[in-house]
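Each chain, letter by letter, is given below.
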Amino acid sequence: MVKRVVAEGLCSGRAGCRIMRLARATWWYEPGKAQERQEPLRVRVHELSWKYPRYGFRRITALLRQEGWQVGKRQVQRVRRLEGLRVPLTKRRGVRRGRSTGLPTRATHRGHVWTWDFIADATQRGGSLRMLSVLDEYTRECHVLRPDRALKSADVIAWMKKAVAQHGAPEFIRSDNGSEFIAKELQGWLAKEKIKTIYIEPGSPWQNGFVESFHGRFRDECLNREQLWTLTEARVVIEDFRIQYNTQRPHSKLGYRTPADYVAQLARSAVPVGQGLPTPEIDKPRPMLQPQINAQTNSPGGSKR
């Protein structure tokens, strides 16, 4: 109201404050600019949020700490709220009701239980895409993420041979009762490699929850964001996502470490079989400190598809 009467020339600011009983300190107050040390953090939060639009403030905090920032999750959450960078809410499915039928075999060390499944999509030109995914349930590593027009049991065996040659054969492998997984040729190869199979009950995808969770993240962070026109483009984009998932994406169940970092820490600490690493307290707030930037450091961010 004081601004209005002053703008209309009815009185001065001093008189307006006296009439409206407004403190003159409030009238003359001008909000200062944000602290200079907060500006680099705000810029970096913007860059990471645009690069990974489906990451929440916890994963953005983990990425910042990987880069050397000493920040707490509440500080990053406050910056994202002020900048309007909240992740849009997704429609949640209804909670499954009924008695759980979990399988007794649970991964206790790396290479104990692998899980595999298929996920379907399509290119922009209408061609189908069928993707095989193979994960380690203990370390959350994605060993195989291969798209093709069609994948038969022979193709599954070929990619499994590559994964076994690189990471070693698992003790168990969990899957549904799809035709590719129960084929005699595949059963014979698994028996030859001494890999025991675990089949979930028909119509019970929650019994294979690790790969189902991965497929949800994969579809949300890659397939729903990309326009894949050809099979070749799909293979390049999806392989880039697999590498980024293993080496850059913080995983909440691993203490917001990447699967690659977790595997490296397992190797350094020589954890006995059946024991895991303790989850660090990453949510403890710390005073913010801008990381040291060398003169030859490349600019952050990257190309955006």
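Please refer to the structure placed before this passage.
Rules and cut-offs
- Along every chain, residues carry numbers that run from 1 in the direction the sequence is written.
- With the structure being a predicted model, the display of local features is reserved for residues of pLDDT at least 70 and the display and counting of side-chain atom pairs for 80 or more, all residues being used for whole-chain, interface and lining totals.
- Only hydrogens and water are set aside when side-chain values are computed; all heavy atoms of the structure are taken into account.
- Two aromatic rings, drawn from Phe, Tyr or Trp (for Trp, its six-membered ring), form a pair once their centres lie within 6.5 Å of each other, and the interplanar angle then sorts them: stacked below 30 degrees, edge-to-face above 60, tilted otherwise.
- We count a stretch as a helix when DSSP gives it H or I for four or more residues in a row; a strand needs E for two or more, and each element gets its number in order from the N terminus.
- Relative accessibility thresholds used throughout: buried, under 20% of the residue-type maximum; exposed, over 50%; partly exposed, between the two (1.4 Å probe, protein chains only).
- Pairing between strands is defined by DSSP: at least two bridges between the two strands are required.
- Only the stretch in contact is used when fitting a helix axis, every axis being a line fitted to C-alpha atoms; angles between N-to-C directions are given from 0 to 180 degrees.
- Any pair of residues with heavy atoms lying within 4.5 Å of one another is described as a contacting pair.
- Buried residues of nine kinds, namely Ala, Val, Leu, Ile, Met, Phe, Trp, Tyr and Cys, make up a nonpolar core once their side-chain atoms join them within 4.5 Å.
- Look down the strands so they point away from you; if the path from the first strand over the helix to the second goes clockwise, the crossover is right-handed.
- Each patch is built from residues that are more than 30% exposed by relative accessible area and take part in no salt bridge. Like charges join if they lie within 9 Å; nonpolar side chains (Val, Leu, Ile, Met, Phe, Trp, Tyr) join within 5 Å.
- Method for areas: the Shrake-Rupley scheme with a 1.4 Å probe, in which residue coverage is limited to the protein chains shown.
- For this document, the term salt bridge refers to a Lys or Arg side-chain nitrogen within 4 Å of an Asp or Glu carboxyl oxygen.
- The charge count includes Lys and Arg as positive and Asp and Glu as negative, but it does not include His or the ends of the chains.
- By convention, the point assigned to a charge is CZ for Arg, NZ for Lys, CD for Glu and CG for Asp.
- N or O atoms within 3.5 Å of each other form a polar contact, as long as, within protein, one can give a hydrogen and the other can take it, and as long as residues adjacent in sequence are counted only when both atoms are side-chain atoms.

Draft legend 1. Seen up close, the packing of aromatic side chains. Per the counting criterion, the structure on display carries 10 aromatic pairs. Ring plane angle 20° and centroid distance 5.3 Å describe the contact between Phe118 and Phe181, whose orientation is recorded as stacked. Placement of the pair is Phe118 in strand β1 (residues 113-122) and Phe181 in the loop between β4 (172-175) and α8 (184-192), with a sequence separation of 63 residues. The pair Phe118 / Phe181 is uniform in exposure class, with both members buried. Geometrically, the ring pair formed by Phe214 and Tyr245 is edge-to-face, given 5.0 Å between the ring centres and 80° between the ring planes. One end of the pair, Phe214, is in helix α9 (residues 209-223); the other, Tyr245, is in helix α10 (residues 231-247), with 31 residues separating them in the sequence. Every member of this aromatic cluster is reached through a ring pair, and the members are Phe214, Phe218, Phe241 and Tyr245.

Draft legend 2. Structural detail: the sheet that holds strand β5 (residues 196-199). Across the sheet, five strands lie side by side as β3-β2-β1-β4-β5; this open sheet has mixed pairing. The open sheet is flanked by β3 (142-148) and β5, the only strands paired with a single partner. Direction aside, neighbouring strands of the sheet carry axes that sit 20° apart on average. In this fold α10 packs onto β2 (128-136) and β3, with an angle of close to 165° to the strand it touches most, β3.

Draft legend 3. Broad picture of the nonpolar core. Grouped together as the largest cluster of nonpolar side chains are 19 residues, with contacts concentrated most on Trp116, Met160, Leu186 and Trp189. Mapped by element, the contributors of at least two residues to this core are β1, β2, α7 (153-167) and α8. Here this core takes five residues from α7, the largest share from any one element. Each residue touching Met160, except ones within four places of it in the same chain, is listed here: Trp114, Trp116, Val134, Ile173 and Trp189.

Draft legend 4. Main features of the pairing of β4. Of the two faces of β4, the one carrying Phe172 and Arg174 and the one carrying Ile173 and Ser175 are both buried. Note: β1 against β4, three bridges, orientation parallel. Bridge assignment links Val113 to a residue of β4, and that residue is Phe172. Sheet topology note: the β4/β5 ladder contains four bridges and is parallel. Within the sheet, the bridge partner assigned to Phe172 lies in β5 and is Lys196. Where the polypeptide runs from β4 across α8 and back to β5, its parallel neighbour, the crossover connection is right-handed.

Draft legend 5. Expanded view of a positive patch on the surface. A surface patch of positive charge is lined by Arg58, Arg74, Arg81 and Arg86. If you trace the backbone, Arg81 turns up in helix α6 (residues 73-82).

Draft legend 6. Broad picture of the environment of Trp50. Examined against the element boundaries, Trp50 turns out to sit in helix α4 (residues 38-51). The exposure class of Trp50 is exposed, given its relative accessible area of 53%. Measuring from C-alpha to C-alpha, the distance between Trp50 and Leu85 comes to 8.6 Å, with 35 residues separating the pair along the chain.

Draft legend 7. Just the side chain of Glu137, in detail. Its place among the elements puts Glu137 in the loop between β2 and β3. The class for Glu137 is buried, based on a relative accessible area of 3%. At 2.8 Å, the side chain of Glu137 forms a polar contact with the side chain of Arg174. If near-sequence neighbours (up to four positions away) are discounted, Glu137 is found in contact with Ala107, Val113, Trp114, Thr115, Arg174, Asn208 and Phe210.

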